[in-house]
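The residues making up each chain are set out below.
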Amino acid sequence: MIGRLNHVAIAVRDLAAASALYRGTLGADVSAPQQLPEHGVTVVFITLPNTKIELLEPLGANSPIARFLEKNPDGGMHHICYEVDDIVAARDRLKQAGARVLGDGEPKIGAHGKPVLFLHPKDFSGTLVELEQV
Ligand SMILES: CC[C@@H](C(=O)O)C(=O)SCCNC(=O)CCNC(=O)[C@H](O)C(C)(C)COP(=O)(O)OP(=O)(O)OC[C@H]1O[C@@H](n2cnc3c(N)ncnc32)[C@H](O)[C@@H]1OP(=O)(O)O
Ligand SMILES: [Co+2]
């Protein structure tokens, strides 16, 4: 059901500093920041030859990233995103298998303008999983 690795996301306290680190020290191609209030994040994408890295900074009072940073003050790996062809079919199959789909269970439009859903980390070996329909 899952396809390509779309991105690995890292939560950071200071998006400008983390972007400078990737751009300057690691020599990476870093996008401009994008605010996504519906997701409670400001995001940049780093394009690598085989996948992307998403850097996430908290945005707004109810950001899931703010809560993550309370527990992980230095930041860290936040989620992994797999591509699927049909997100509603994937969701229904996962629910049938007993996995918890987060939020209201309906796909939201993510950073790439495509539908996304999140799966509870406790159901996936301690890793928060995002699905993106491509
Ligand atoms: C930019 C848009 C989009 C894209 O297109 O790419 C994005 O990526 S947006 C990214 C941000 N959005 C989300 O994270 C949405 C989904 N997340 C959630 O619904 C919640 O953050 C959560 C995963 C359900 C956690 O909720 P929270 O209220 O923080 O619960 P707890 O702190 O009580 O956590 C419960 C339990 O789970 C562990 N945990 C929490 N977050 C993670 C994580 N990212 N990775 C692994 N484990 C995680 C947490 O430590 C708790 O465990 P215990 O302490 O053992 O109980
Ligand atoms: Co993501």
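Rules used in this analysis
Residues numbered from 1 in each chain as written. Chains lettered and ligands numbered in written order. Predicted model: local features only at pLDDT ≥ 70, side-chain atom pairs only at ≥ 80, totals over all residues. Heavy atoms only, no water. UniProt positions renumbered as here; feature names shortened; annotations may be inferred. Helix = DSSP H or I, 4+ residues; strand = E, 2+ residues; numbered from the N terminus. Rg over C-alpha atoms; globule rule 2.2 N^0.38 Å. Buried < 20%, exposed > 50% of the residue type's maximum accessible area, 1.4 Å probe, protein only. Areas by Shrake-Rupley, 256 points an atom, 1.4 Å probe, with all protein chains shown as cover. Near = heavy atom within 4 Å. Polar contact = N/O pair within 3.5 Å; in protein donor to acceptor, adjacent residues only side chain to side chain. Pairing = 2+ DSSP bridges. pLDDT = per-residue confidence, 0-100. Donors = N, O, S within 2.8 Å, 3.2 Å for Na, K, Ca; no water.

- As recorded in an unreviewed UniProt entry, the protein goes by the name Methylmalonyl-CoA epimerase, listed as coming from Labrys miyagiensis.
- You can read under Sequence similarities (unreviewed entry) in the UniProt record for the protein the words "Belongs to the methylmalonyl-CoA epimerase family."

1. A closer look at the overall build of the protein
Piece 1. Helix and strand counts for the protein stand at three helices and nine strands.
Piece 2. Listing the helices and strands of the protein from first to last along the sequence gives β-α-β-β-β-β-α-β-α-β-β-β.
Piece 3. Scaling as 2.2 N^0.38, a compact globule of 134 residues should have a C-alpha radius of gyration of about 14 Å, and the protein matches this with 15 Å.
Piece 4. Referenced to the eigenvectors of the C-alpha coordinate spread, the extents of the protein come out at roughly 45 × 30 × 25 Å.
Piece 5. The burial tally for the protein puts 39% of its 134 residues in the buried class.
Piece 6. For the protein, the exposed area adds up to about 7,500 Å²; of that, 52% sits on carbon and sulfur atoms.

2. Quick word on the site of ligand 1
Piece 1. Around ligand 1 there are 21 residues in total, and E54, R67, H78, A111 and K122 lie nearest to it.
Piece 2. In this structure, an oxygen atom belonging to ligand 1 sits 3.1 Å away from a side-chain N or O atom of K71.
Piece 3. One nitrogen or oxygen atom from the side chain of K122 is found 2.8 Å from an oxygen atom belonging to ligand 1.
Piece 4. The fraction of the free accessible surface of ligand 1 (1,100 Å²) that becomes covered by protein chains is 72%.
Piece 5. Mapped onto the shell around ligand 1, the elements with two or more residues apiece are β5 (52-58), α2 (64-71), β6 (76-84) and β9 (128-133).
Piece 6. Among the elements that take part in the shell around ligand 1, α2 stands out by supplying four residues, more than any other.

3. Quick look at unusual backbone geometry
Piece 1. We note that S125 has phi near 55°; this positive angle belongs to a residue other than glycine.
Piece 2. By relative accessible area, S125 is classed as exposed at 79%.

4. Structural notes on the pairing of β9
Piece 1. Most of β9 sits out of view: five of its six residues are buried.
Piece 2. Pairing of β6 with β9, which is carried by six bridges, proceeds in the parallel orientation. Across the sheet, residue E83 finds its bridge partner in β9, namely E132.

5. Examining the confidence of the model for the protein
Interpreting fine coordinate detail is not advised for predicted regions of low pLDDT.
Piece 1. Of the residues in the protein, 100% have a pLDDT of 70 or more, and the chain-wide mean is 98.
Piece 2. In the model output, the complex is listed with pTM 0.98 alongside ipTM 0.98.

6. Some points on the coordination of the cobalt ion (ligand 2)
Four donors placed tetrahedrally about a metal ideally form angles of 109.5 degrees, and six donors placed octahedrally ideally form angles of 90 or 180 degrees.
Piece 1. Summarising the metal site, the cobalt ion (ligand 2) is bound by the protein donors H7 (NE2), E54 (OE), H79 (NE2) and E130 (OE), whose distances to it range over 2.1 to 2.3 Å.
Piece 2. Positions of the donor residues of the cobalt ion (ligand 2), expressed as sequence spacing, correspond to H-x46-E-x24-H-x50-E. Of the two residues, E54 sits in strand β5 while E130 sits in strand β9, which places them 76 residues apart along the sequence.

7. Considerations on the UniProt feature "domain: VOC" (unreviewed entry) in the protein
Piece 1. In the UniProt entry, the feature "domain: VOC" (unreviewed entry) is given for residues 4-134.
Piece 2. The distance from the first to the last C-alpha atom of residues 4-134 is 10 Å, and the span holds 22% helix and 37% strand.

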